[in-house]
Amino acid sequence: MSKRMKISAPATVANLVCGFDILGLALEDPCDIMELECSDEPGLRIRHTDNYALPVVPELNVAGAALLALMEELQEPVGFDLTITKCIKPGSGLGSSAASSAGAVVAANKLLGGRFSGMDLVRFAMNGEKVASGVKHADNITPCIYGGVTLIRAIHPLDIVQLEAPPLHVTVIHPQIEVRTSDARQILRKEVQLKQAIRQWGNIAGLVAGFMKKDYDLISRSLEDVIIEPVRSILIPGFAEVKQRCIDAGALGGGISGSGPSIFMLNRDEETARKVEAIMKDVYEKIGIDYKTYVTKVNMEGVKEIRD
Ligand code: HSE
């Protein structure tokens, strides 16, 4: 059995506009890097090489909580040393906590010879999401582990569907402001009007059908959220302008990435994705908020081993 595993864990876009808590996709860039090593000393020790000052006490660390859940189910003494180098900024809306949680359990499972199923790993990693936001949502973790575009039909019990999709170029802007997932969930209305629900169901079904049929126009029409976005977008200065101008420039559509503040747009080709990036930059230059952008594609592999 190998004693050390180095992996990359990708950023993810959760919700995909209308699929709150049930749809997500993995990105090729950015990715966290993690190294997990088996140790003769039982227990879990965590070290960060980045400057984010994240907790290293396993129970308080998202990767730690996920690994502890796996170790508990293993029911045999095991020791791990985990080193995390985060490139996905915490609080970006790009699935930073999911990358840590998913990366840790996938690496452990590889070291253990693949004892657990993908579904088990999602279940373990959801404990990390609980530490991060207070809620065990799986829409970042699932694409992070499986890659591609994923649907979480249910979490009790877990029911995961991997969706086919046409080639998609993704543009992301991360305005350097803080939106905590817990706050972005807190402000949501608890009741939905039937009229809105019907429109949302149509969009979710249309989006899934659009991915499966590789129908860009159907994808574009279905990228509409009448429930969450109108509330959350208030937290993101420039959101409405970014969205409208990017769609006018040829983007298929997009919206808030996860709980924000990042905004993403799906595009048919790289040329449009680059145009969209320029528009996003222009909006935030004018507003005067620092930002980081990514022009990337859908990551079809999810967490993967790095051999060096
Ligand atoms: N579905 C979650 C939310 C994702 O929107 O709150 C958080 O990244």
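As a further point, take the pairing of strand β6 (residues 158–163). Regular strands place their side chains on alternate faces of the sheet. Strand direction decides the pairing type here: strand β5 (residues 149–155) and β6, joined by 6 bridges, are antiparallel. Each residue of the ladder has a partner; that of threonine 150, found in β6, is glutamine 162.

Bringing the sheet that holds strand β7 (residues 169–175) into the picture now. One open sheet accounts for 4 strands, arranged β8-β9-β7-β10; its pairing is antiparallel. The sheet is open, and its two borders are formed by β8 (253–256) and β10 (291–297), each paired with just one other strand. Neighbouring strand axes in the sheet, compared pairwise and without regard to direction, differ in orientation by 15 degrees on average. Sheet analysis places β8 next to strand β9 (residues 263–267), joined by 4 bridges and oriented antiparallel. Bridging across to β9, glycine 255 finds its partner in phenylalanine 264.

Glancing now at the pattern of salt bridges. For the coordinates displayed, the defined rule picks out 24 salt bridges. Note that glutamate 178 is salt-bridged to arginine 180, the shortest N-O span being 3.9 Å. For glutamate 178, a relative accessible area of 63% puts it in the exposed group. The network of salt bridges with common partners includes Glu241, Arg245, Asp282 and Lys286.

For the ligand, the full set of nearby residues is Ala14, Asn15, Phe20, Asp21, His137, Asp139, Asn140, Thr181, Arg185, Arg232, Gly258 and Ser259. For the ligand, a nitrogen atom lies 2.5 Å from a polar atom in the side chain of aspartate 21. A distance of 2.6 Å is found between a nitrogen atom of the ligand and a side-chain nitrogen or oxygen belonging to aspartate 139. Relative to its unbound accessible surface of 260 Å², the ligand loses 97% to contact with the protein. Of the residues that constitute the shell around the ligand, the class distribution is 2 nonpolar, 6 polar and 4 charged. Both domains that furnish three or more residues to the shell around the ligand are identified here as domain 1 (4–164) and domain 2 (169–297).

The geometry of helix α1 (residues 62–74) relative to helix α3 (residues 118–133) is characterised by a closest axis approach of 7 Å and an angle of 140 degrees between their N-to-C directions. The angle between α1 and α3 places the two elements in the oblique class. By crossing handedness, the relation of α1 to α3 is classed as right-handed. Residues Val62, Ala65, Ala66, Ala69, Leu70 and Glu73 of α1 pack against Leu121, Arg123, Phe124, Ala125, Asn127, Gly128, Val131 and Ala132 of α3. Looking at the contact of α1 with α3 residue by residue, the class counts come to 10 nonpolar, 2 polar and 2 charged.

What follows deals with the domain arrangement of the protein. Structurally, the protein comprises domain 1 (4–164) and domain 2 (169–297). On a C-alpha basis, the centroid separation for the pair domain 1 and domain 2 is 24 Å. Counting residues at the interface gives 30 residues for domain 1 and 37 residues for domain 2. Summed over both partners, the interface of domain 1 with domain 2 comes to about 2600 Å²; 65% of that surface belongs to carbon and sulfur atoms. When the area that domain 1 buries against domain 2 is broken down by residue, the three leading residues are Val17, Cys18 and Glu164, summing to 26%. Scanning the region where domain 1 abuts domain 2 turns up 2 salt bridges. One salt bridge connects arginine 185 with aspartate 21, and the closest N-O pair in it is separated by 2.7 Å. Of all the elements in the fold, those that place two or more residues in the side of domain 1 that touches domain 2 are β1 (4–14) and β2 (23–39). Broken down by element, the side of domain 1 that touches domain 2 gets its largest block of residues, 7 residues, from β2. Looking at side-chain class alone, the side of domain 1 that touches domain 2 contains 17 nonpolar, 8 polar and 5 charged residues.

Criteria and thresholds
- Residues numbered from 1 in each chain as written.
- Predicted model: local features only at pLDDT ≥ 70, side-chain atom pairs only at ≥ 80, totals over all residues.
- Heavy atoms only, no water.
- Pairing = 2+ DSSP bridges.
- Helix = DSSP H or I, 4+ residues; strand = E, 2+ residues; numbered from the N terminus.
- Axes fitted to C-alpha atoms, helices over the stretch in contact; angles between N-to-C directions.
- Salt bridge = Lys/Arg side-chain N within 4 Å of Asp/Glu carboxyl O.
- Buried < 20%, exposed > 50% of the residue type's maximum accessible area, 1.4 Å probe, protein only.
- Near = heavy atom within 4 Å.
- Polar contact = N/O pair within 3.5 Å; in protein donor to acceptor, adjacent residues only side chain to side chain.
- Areas by Shrake-Rupley, 256 points an atom, 1.4 Å probe, with all protein chains shown as cover.
- Nonpolar A, V, L, I, M, F, W, Y, C, P; charged D, E, K, R; others polar.
- Domains from an automatic or database assignment.
- Parallel < 35°, antiparallel > 145°, perpendicular 65-115°, else oblique.
- Left-handed = near helix turned anticlockwise from the far one by under 90°.
- Contact = heavy atoms within 4.5 Å.
- Buried area = accessible area lost by both parts, 1.4 Å probe.

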